[in-house]
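Architecture and fold: a report
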Amino acid sequence: MKILGIIPSRYASTRFPGKSLADIAGKSMVQRVMEQVLKSTLITDVIVATDDQRIYEHVNDFGGKACMTKANHESGTDRCFEVLQAQDDQYDYVINIQGDEPFIQPEQIDLLASLLDEEVQLATLIKPIEQYDQIFDPNVVKAVKNTKDEAIYFSRNSIPFQRNESESDWLKNHTYYKHIGIYAYRTDILEQITQLPISPLEKVESLEQLRWIENGYKIKTAITHHESIGIDTPDDLRKALEHMK
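Everything quoted here is computed from the prediction, not taken from an experiment. (Residues numbered from 1 in each chain as written. Predicted model: local features only at pLDDT ≥ 70, side-chain atom pairs only at ≥ 80, totals over all residues. Heavy atoms only, no water.)

1. What to know about the pairing of strand 10 (residues 177–186)
The following threshold applies: With a 1.4 Å probe rolled over the protein chains alone, any residue whose accessible area is under 20% of its type maximum counts as buried; one over 50% counts as exposed, and the rest are partly exposed. Secondary structure elements follow DSSP: runs of H or I no shorter than four residues count as helices, runs of E no shorter than two count as strands, and numbering proceeds from the N terminus. At least two DSSP bridges between two strands are needed for those strands to be called paired.
In terms of burial, strand 10 is largely enclosed, as nine of its 10 residues are buried. As paired strands, strand 6 (residues 93–96) and strand 10 are joined by four bridges and run antiparallel to one another. Across the sheet, Tyr 93 pairs through a bridge with Arg 186, a residue of strand 10. Pairing of strand 8 (residues 142–145) with strand 10 involves two bridges; the strand directions are antiparallel. Its bridge partner being in strand 10, Ala 143 is matched across the sheet by Tyr 177.

This is the structure we're talking about:
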């Protein structure tokens, strides 16, 4: 099975412009992400997808592969499909690795890749929530799965709601899952979902994966216990540097 790893990496960012090129202990963020992905034992190739010439040249300078894409993509999923179309080789799956996750673990990528068996349409990772306040944080996307480990719903709200329990006991009474934003797409499914219009659930929650569920696609999930450390602001970068120490 051939799996293409794609790292969407934009220069423009409202809260942290140029964060892909931000220095993290001597290496750029995008380089650190790529180095982590290259440690995966199941990824066939890795490409950075960018709409910025500075990032493109930087990736080539450190020996990585990069592909220029259009600047007007609404999501990393759309950017991934453009990169896939530009490849001469044929791939069975694409894995989308966030370009602002320099501490993504190769084991997480391999865990996701291990789900892929030609039948799986889409896949992602979830992590048990251990901190009470994350249940009620709208910036932490919660996931609910069924007995087949398929995602039923994603929400910024606290789901499920425990009707007869005090909120202080919710974490004790039920396992809540945080969504880890790494996706695997079967290549034919990737083409299909990029043709779908924005759905009502996606619009209200601002979560593109709800578009796929709303249109009947199945998203397989696997549980990881590695924490996700994304960098969205300069303050996040400061915390990341402290994490490295």
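There is more to say, and it comes next.
2. Re the pattern of salt bridges
We apply this condition: What makes a salt bridge here is a side-chain nitrogen of Lys or Arg within 4 Å of a carboxyl oxygen of Asp or Glu, nothing more.
For the structure on display, the rule yields 12 salt bridges. The partner of Lys 19 in a salt bridge is Asp 232, with the nearest N and O atoms 3.3 Å apart. Here Lys 19, found in the loop between strand 1 (3–8) and strand 2 (23–24), pairs with Asp 232, found in the loop between strand 11 (219–223) and helix 9 (234–244); they are 213 residues apart in sequence, far enough to count as distant. On the accessibility criterion, Lys 19 (12% relative accessible area) is buried. By relative accessible area, Asp 232 is classed as partly exposed at 27%. Among the charged side chains, a network of salt bridges with common partners joins Lys 19, Asp 100 and Asp 232.

3. Quick notes on the layout of surface pockets
What counts is decided by this rule: Computed over the protein atoms alone on a 1 Å grid, cavities are sets of points where a 1.4 Å probe fits but cannot get out and pockets are open sets with protein on both sides within 12 Å along at least five of seven lines; a residue lines them when it has an atom within 4 Å of a point. Grid points are joined across faces, edges and corners, and a volume is the space filled by probe spheres set on the points. Here the nonpolar group is Ala, Val, Leu, Ile, Met, Phe, Trp, Tyr, Cys and Pro; Asp, Glu, Lys and Arg are the charged ones; every other residue, Gly included, is treated as polar.
Considered as a void within the structure, the largest pocket measures approximately 2,000 Å³ in volume. Around the largest pocket, the lining comprises 50 residues; the ones closest to its centre are Arg 15, Lys 19, Gln 98, Asp 100 and Asp 232. Per element, the largest residue contribution to the lining of the largest pocket is five residues, and it comes from strand 10. Per-class residue counts for the lining of the largest pocket are 10 nonpolar, 21 polar and 19 charged.

4. Description of the packing of aromatic side chains
Heads up, the condition is: When two rings of Phe, Tyr or Trp (its six-membered ring) have centres within 6.5 Å they constitute a pair, described as stacked for plane angles under 30 degrees, edge-to-face for angles over 60, and tilted for the intermediate range. Geometrically, a charge over a ring is one whose NZ (Lys) or CZ (Arg) sits within 6 Å of the ring centre while staying within 35 degrees of the ring normal.
Per the counting criterion, the structure on display carries seven aromatic pairs. Ring centres of Trp 170 and Tyr 176 lie 6.3 Å apart, and the angle between their planes is 10 degrees; on these two criteria the pair is classed as stacked. For the pair Trp 170 and Tyr 176, one class covers both residues: buried. When the ring centre of Tyr 91 is taken as origin, the NZ or CZ atom of Lys 2, which lies over that ring, is 5.1 Å away. Directly above the ring of Tyr 11 sits Arg 54, whose terminal nitrogen or CZ lies 3.6 Å from the centroid.

5. Side note on the environment of Ser 158
Rules: Note on contacts: a residue pair qualifies if any of its non-hydrogen atoms lie within 4.5 Å across the two residues. We define a polar contact as two N or O atoms separated by no more than 3.5 Å, with the added condition that, inside protein, one atom must be a possible hydrogen donor and the other a possible acceptor, whereas residues neighbouring each other in sequence contribute only through side-chain atom pairs.
The topology assignment puts Ser 158 in the loop between strand 9 (151–155) and helix 5 (170–173). Taking the C-alpha atoms as reference, Ser 158 lies 10.0 Å from Trp 170; in sequence the two are 12 residues apart. Other than its neighbours up to four places away in sequence, Ser 158 contacts Ile 135, Phe 136, Lys 142 and Trp 170. Within the structure, the side chain of Ser 158 is placed 2.7 Å from the backbone oxygen of Ile 135, a separation counted as a polar contact.

6. Re helix 1 (residues 29–38)
Most of helix 1 sits out of view: eight of its 10 residues are buried. Here helix 1 has its buried residues at Met 29, Val 30, Gln 31, Arg 32, Val 33, Met 34, Gln 36 and Val 37.

7. What about the side chain of Thr 77?
Mapped onto the fold, Thr 77 is located in helix 3 (residues 76–85). What Thr 77 contacts, discounting residues up to four positions off in sequence, is Asn 96, Tyr 185, Leu 190, Ile 193, Thr 194, Glu 208 and Trp 212.

8. What about unusual backbone geometry?
A cis amide bond links Ile 159 to the next residue, Pro 160, at an omega of 0 degrees. Checked against the element boundaries, Pro 160 lands in the loop between strand 9 and helix 5. Of note in the backbone geometry, Glu 118 takes a positive phi value of approximately 80 degrees without being a glycine. Residue Glu 118 is classed as exposed on the basis of its relative accessible area, which comes to 52%. Residues other than glycine seldom take positive phi values, yet Asp 149 does so here, at roughly 60 degrees.

9. Some words on the environment of Gly 76
The topology assignment puts Gly 76 in helix 3. It is 7.6 Å that separates the C-alpha atoms of Gly 76 and Asn 96, two residues lying 20 residues apart in sequence. Those residues in contact with Gly 76, other than ones at most four positions away along the chain, are Pro 8 and Asn 96.

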